[in-house]
Each structure stands twice: as structure tokens, then as C-alpha cells.
Amino acid sequence: MFDGFAHVWTPVIEARRLKSEPLRVLIAGEPVVLFRGRGGAIGALVDRCPHRGAALSLGHVTSEGTLECPFHGWRFDVTGANCHIPLNPDARLDRLGARGLPVRQIGELIWVYTAPGAEAPEPVTPPELSDPNLSRIYVTRTWACHWTRAMENMLDSPHLPFVHRRTIGRTLRQRMTPQSRMEILWEDTDYGGKARAILDGQDNGATLQFHRPNVMTLHIPIPDRTLRIHALVMPIDDARTQLTVVGTRSFARLSLLDPIFALMNGRIADEDKAVVESSGTAEIPPLMSEHSVGSDRATIQFRKYYYETLRDSSAA
């Protein structure tokens, strides 16, 4: 279960998408049902009833805030505990629960831990994703690629002046010469790592942060202002990836301006799509299987993390 992506927190969807009916999502090939229980509490369950395997997402949420299976009416709370089995008043409910997943709402996002019934550590997330003093806009895309290809792309600074030559890479391209050298400085952190791209010895102040396993934050330096672009890369299955780009800003906070920022972030994401999808749907290969150079340091660090820590993970 959750093979290659187990025992990690992942952002899944915007909380506003989860309304009164259960919602089915795929996380690393595993069907999960999200629903709102009593008082709006969020539940995340493996989307299979423990009775006869029916999809719980085909059921409905009762007035008591439980999720009722569509097949035989078994009811489960947001933790997966069995609350009622019709026609069987003597059933041992404590032994007949669904498989619950740890879940949190942080800012406007729902996060799920990819191991049922686990004692999960608290998620460590970029603070800008929940800072009430910042405005946030969300753009979501589905790419036909393995999630590791998409994640690696988000940590790759050298592609900016080529793929994004008319947008976020334009200034970098203007500074380049045929003899230019890019040095990537990498710093390990408790949450993952931090990278800076130095072009010809000059540091423009921009940094990339990698929050394990699948979040990138680009810090764009603007004096006395906060501007960040976050890439949230969730595996749907082996061949599809959900990319959510979140723009956070401390200025121009009128909601009327949100569509402009959304259009800009969507354009940047769409510039990457064709290039990343051209690599196919296979996962990133081991380090020695493709040629790498000095400016690949950040993506090399991601490959080490993936192969040493995540690739062979699985949840029972």
C-alpha cells in the first residue's frame, strides 16, 4: 500500500473542494475517501469497506457525521471506527473498523499521511502556506509522468533560462554568456534541503527549499515583500501526477487581482508540462543511469533521498 510513497505527509486537495458528500482521491495508486464528519472534522479512510470491499466513497455522510457504506449500511466515523452495523446489534464494532489515515487541514490544504493507523509525526510545512497575513492562489494540473520526474523538475534551476525564457527565467537568460558557470549551493535541513543558484559568482538572493517528500518553495527576493511560488507534487498513480502551484504574496492582496496571479502561475506550469512529460512515465533512474553535471546538485540530492529513503517504502 502506497508503495514508493509510504509513511509521508502529502498535500492532497484544497479544503474548499470537500463539501457535504464524500470525495474519492488517488494517492500513489491507493484510493482514499475524504469526508466531513461532525462539526466539519475531516476524515480520510482507505476507500474500501472492511466488510465486502465496496467503495465507501459511493456512500453518503449521515446526519450524525458518519460515512455510511452504500452496500450494507455500515457506518464509520472520521477515524475509521465502526459506529453501527444494521441488523447486527451484537456485532463487535471495535473489531470491524475501516482503515483510517492521519489527516490535517493546514491553511487551505488537506494533508494526508500515507500509512493507515500510524502514529504519524506532525507535518512540517512551509509557513507561507498557512500564514494569515499572506494571500494565496492555487492552480492545479495533471501531468502524464511519474511524480519523481515532476518533483525533480521543480528543484532544477538550470532549466529556467531555457524552458521559462519568457517568464521567470528571462532575467537569468539575459545575464548568461556562452562561458557562464552556474554553481548550486546545497544545504541539508531538518525538513529536506535548501538550494541557491550562483551564476558567474553572483547570488541574486533567490532560494529553493525542498520539503520532503514532495513540496518545493521558490523564494523570490523583493525588498520588504514576500513572494513565493510553491510546487506541490502528488503521485496519483505510476503514470499521472497532480501538480498544484501555490502563489503566496504579501502585496497586491485584493482578491480581484488573484486571477492575474493565477494566470501567471498557470503559464509557468504549462511551460514545464511538455518537457517533463517527454521523459515518459517511468520513475527517475538511479544516479549512474543518466549523465549529470555540477549544476545538477539539487536534483542529485533528490535522487539520493528517493532511492535511499522513499522508493522501497510500503505501508501494511
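See above for the structure.
None of these values were measured; they are calculated from a predicted model.

1. Quick word on helix H5 (residues 297-310)
If you check H5, its first and last C-alpha atoms are 19 Å apart, about what 14 residues at 1.5 Å a residue would give, namely 20 Å. The complete set of buried residues in H5 reads Ala-298, Thr-299, Ile-300, Phe-302, Arg-303, Tyr-305, Tyr-306 and Leu-310. Tucked into the core, H5 has its buried residues touching helix H1 (147-154), strand S12 (182-188), strand S13 (192-199) and strand S15 (207-211).

2. Concerning the pattern of salt bridges
Here the structure, examined in full by the defined rule, presents 20 salt bridges. The residue Asp-47 makes a salt bridge to Arg-24 at a minimum N-O spacing of 3.3 Å. Taken as a pair, Asp-47 in the loop between strand S4 (42-46) and strand S5 (60-61) and Arg-24 in strand S2 (residues 23-27) lie far apart in primary sequence, 23 residues in all. For the salt bridge of Asp-312 with Arg-311, the shortest nitrogen-to-oxygen distance reads 3.9 Å. With a relative accessible area of 35%, Arg-311 lands in the partly exposed category. Connected through salt bridges with shared partners, the residues Arg-149, Glu-152, Glu-290 and Arg-303 form a single ionic network.

3. Some remarks on unusual backbone geometry
Following Arg-212, the chain continues to Pro-213 via a peptide bond in cis, the omega torsion being 0°. Along the polypeptide, Pro-213 turns up in the loop between S15 and strand S16 (215-219). Its identity as a non-glycine residue notwithstanding, His-7 has a phi of 60°, on the positive side.

4. A word on the layout of surface pockets
Once rolled over the atoms, a probe with the size of a water molecule shows which space is left empty. Roughly 890 Å³ of volume is contained in the largest pocket. Of all elements in the fold, only H1, helix H3 (170-175), S13, S15, S16, strand S17 (227-237), strand S18 (240-249) and helix H4 (258-277) reach the threshold of two or more residues within the lining of the largest pocket. Considering each element in turn, the lining of the largest pocket owes the most residues, 6 residues, to H4. Of the residues that constitute the lining of the largest pocket, the class distribution is 24 nonpolar, 13 polar and 7 charged. Lining the second largest pocket are 18 residues, with Arg-149, Glu-152, Asp-156, Thr-299 and Arg-303 positioned closest to its centre. Going through the elements one at a time, H1, H4 and H5 are the ones with two or more residues in the lining of the second largest pocket.

5. Re the side chain of Thr-125
For Thr-125, the position within the fold is in the loop between strand S10 (109-113) and strand S11 (135-143). For Thr-125, the contacting residues outside a window of four places in its chain are Ile-106, Trp-111 and His-211.

Calculation notes
- Residues numbered from 1 in each chain as written.
- Predicted model: local features only at pLDDT ≥ 70, side-chain atom pairs only at ≥ 80, totals over all residues.
- Heavy atoms only, no water.
- Helix = DSSP H or I, 4+ residues; strand = E, 2+ residues; numbered from the N terminus.
- Expected span 1.5 Å × (residues − 1).
- Buried < 20%, exposed > 50% of the residue type's maximum accessible area, 1.4 Å probe, protein only.
- Contact = heavy atoms within 4.5 Å.
- Salt bridge = Lys/Arg side-chain N within 4 Å of Asp/Glu carboxyl O.
- 1 Å grid on protein atoms, 1.4 Å probe; cavity = no way out; pocket = protein on both sides within 12 Å on 5 of 7 lines; lining within 4 Å.
- Points joined across faces, edges and corners; volume = space filled by probe spheres on them.
- Nonpolar A, V, L, I, M, F, W, Y, C, P; charged D, E, K, R; others polar.

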